[in-house]
Every structure is written in structure tokens, then in C-alpha cells.
Amino acid sequence: MPTRRYDDSPGLGGLYAKTVKATLRRADYEPDADGLTLELPHSAIDQDHLAAYREVTGFPAGPALPPTYPHVLAFPLHLDLMSDPSFPYKPMGIVHLSNTITQKRPLPIHAEPAIRVHSTPERPHPKGIVFDIVSEVLVDGDVVWTDLTTLLSRAKGSEGHVDLLPDPELPPQAWWDLRGNLGRRYAAASGDRNPIHLFKLTAQAFGFPRQIAHGMWAKAAALASLERAGLRGSGGVPEAFTVRVDFRKPLLLPSRVQFGYAVGGKTTDFVLYDDAHEVTHLIGQLQAD
């Protein structure tokens, strides 16, 4: 498996240009059969950027990184991987189905972790092809955090097992009022400037009635809400855990949504519904280690 190493995180401006070019390339190219691994030996944490991320997602200040923040650190490598000529799918139009994070221990805010990213072999899906981008964060050579981003490349479907979290049908614990500029605010904090999240017109160009919230913002906001609840003595996010979310229906902006959760032993189920409790946007499950 070939490996590409960086001295610094690749710039997002050039990466988005590569992504557009990769989307326009011919569909009959041959992918690299061995795959590609990208490595960033050191990733310094910009404290102002971290503060902006906390503000838009709701994580309180503390000595450790929010558990979803390393995904932001790995995101430039995701873009570089998906825009590489060896990557077998066109990056624009790929659908984010689910995300699973495993944290073995909290990452200090002043850590300079290494990041490693690669993709997995494809799997059949009724709506096309599914694959994962795996991100690993290492401190002193030890993997302390992993992220499994499951993506769908739309194509002619085929029979295949679809792994879904069950809908727990939880009563709401809180209501969130989401403003229309949320996608732009999260894009500034995360670097994910996919046009479907930014403005009504750019989202309509891709078939949405108006802009939609980032799935990883919804996951982060859910975990931040659980963390704040833990500070009040109910629920919470442990130091070592695995948390998975499935993204069900797009969350249009602006909107009002319901957030519910239930704690049972080491497992916390959570869910994000629309204001009428008729549409499920996100289903999640957190398992303490």
C-alpha cells in the first residue's frame, strides 16, 4: 500500500480545486489497486480555531479536545485522498451515510498528534457502492482515536447488507433553533465548504430546496449536548468510548429540531428529529469502554 507523507496539512484552497478536477475527470480511469495511505506526522492545534469550533458546536472549554475535533484535523487528508487520481470514485456527490468514532483516551488541547488516513475496499449497496475512509490519530506512536466515515457513491444498486442503527423512538429532551447561516459558520470552523451547506442557491444546484446542516456538525452538537448534560449529573460522554451516528434525512436550514437521549448502563442512545417529530435526521449510540 503506497504512503504519502506531508510536512504540513495540505491547504484547503488547492484541495477544493483538485476535488473539482477529480469530479470532472473521465469515468474510465483505473484506480490504484493497492490503495493509498496519507500521513501527517505532526498536527499542531490552533487554539483560536479550536475555540471557534467549540462555539459553533456547543462543546464547553476544557483541557481535552472535543471528541469530534480530530475529524476536522483529518478532513484535509480526506479531500486529498478523494481527489487523488488513484481514488476510484468521483468526490462530488458522495453521500455521507454514517460516522463512527472510537476514543481510547482524551487528547490534550496542546497535543501535536500524527494523523493517518486510508480507504477500505468497496461494498455493494442497493443505491450504489459503499466504502469507508479510516482516520487514525496517534500520540507517541499509539493510536488513541479512530474515525470510520462511511460514504456512498451512487450508481446502479445491487443486493447487499445495509447496516443501520435501530430507531430508539426517544422523547425530546431539548429543542434546537438552527439559523440559516449555521452551515457557513460550521464551514468556517471545519473547512468543509461543500456548497450544499452554504446558501439556498448553491444547495438548489444539487437538488436540495435550501441549504442543509453538516452531518458532522449534528454529531458534534449531539455529543456536546450530552457532555453538558453530564456536567449536570445525567448522561455525559466518558473518556473512552465508541460513538456511531447514522445520517437519515437531510437537516434543512433554518429549522427547529428535537434532541432526545436515554442512558442505560454503558450505552447512551440519542436521536435528532424535526420539530413535528415526524422526520428522523440522525440516530446515534454511544458505548462506554
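Our focus in this paragraph is the overall build of the chain. When helices and strands are tallied, the chain shows 6 helices and 12 strands. The 289 residues of the chain split such that 48% are buried. Counted over contacts in the chain with a minimum sequence separation of 6, partners at least 24 positions apart contribute 73%. About 13,700 Å² of surface is accessible on the chain, with carbon and sulfur atoms providing 54% of the total.

So, on to the pattern of salt bridges. Opposite charge on two side chains makes pairing possible when the charged atoms of those side chains draw close. Following the criterion strictly, the structure yields 7 salt bridges and no others. In this structure, Asp163 engages Arg244 in a salt bridge whose closest nitrogen and oxygen atoms are separated by 2.8 Å. Separated by 81 residues along the polypeptide, Asp163 in the loop between strand E7 (142–154) and strand E8 (174–178) and Arg244 in strand E9 (residues 241–247) bring together distant segments of the chain. Here Asp163 falls in the partly exposed class, since its relative accessible area comes to 48%.

Let us now look at the nonpolar core. Nonpolar side chains tend to gather and get buried jointly when the protein is soluble and globular. Ranked by size, the top nonpolar core spans 60 residues in total, and within it Trp217 and Phe270 carry the most contacts. Residue contributions to this core peak at 10 residues, all from helix H6 (residues 215–231). If you look at the next biggest cluster of nonpolar residues, it comprises 5 residues, including Leu165, Val271, Tyr273 and Ile283.

On to helix H4 (residues 182–190), then. All buried positions along H4 are accounted for by Leu182, Gly183, Tyr186, Ala187, Ala189 and Ser190. The buried residues of H4 occupy an angular sector of 165 degrees when the element is viewed end-on, so they sit on one face. Taken from the residues just after H4, Gly191 is the one with a positive phi, measuring 90 degrees.

Calculation criteria
Residues numbered from 1 in each chain as written. Predicted model: local features only at pLDDT ≥ 70, side-chain atom pairs only at ≥ 80, totals over all residues. Heavy atoms only, no water. Helix = DSSP H or I, 4+ residues; strand = E, 2+ residues; numbered from the N terminus. Buried < 20%, exposed > 50% of the residue type's maximum accessible area, 1.4 Å probe, protein only. Contact = heavy atoms within 4.5 Å. Areas by Shrake-Rupley, 256 points an atom, 1.4 Å probe, with all protein chains shown as cover. Salt bridge = Lys/Arg side-chain N within 4 Å of Asp/Glu carboxyl O. Core = buried A, V, L, I, M, F, W, Y, C linked by side-chain atoms within 4.5 Å. Arc of directions from axis to C-beta.

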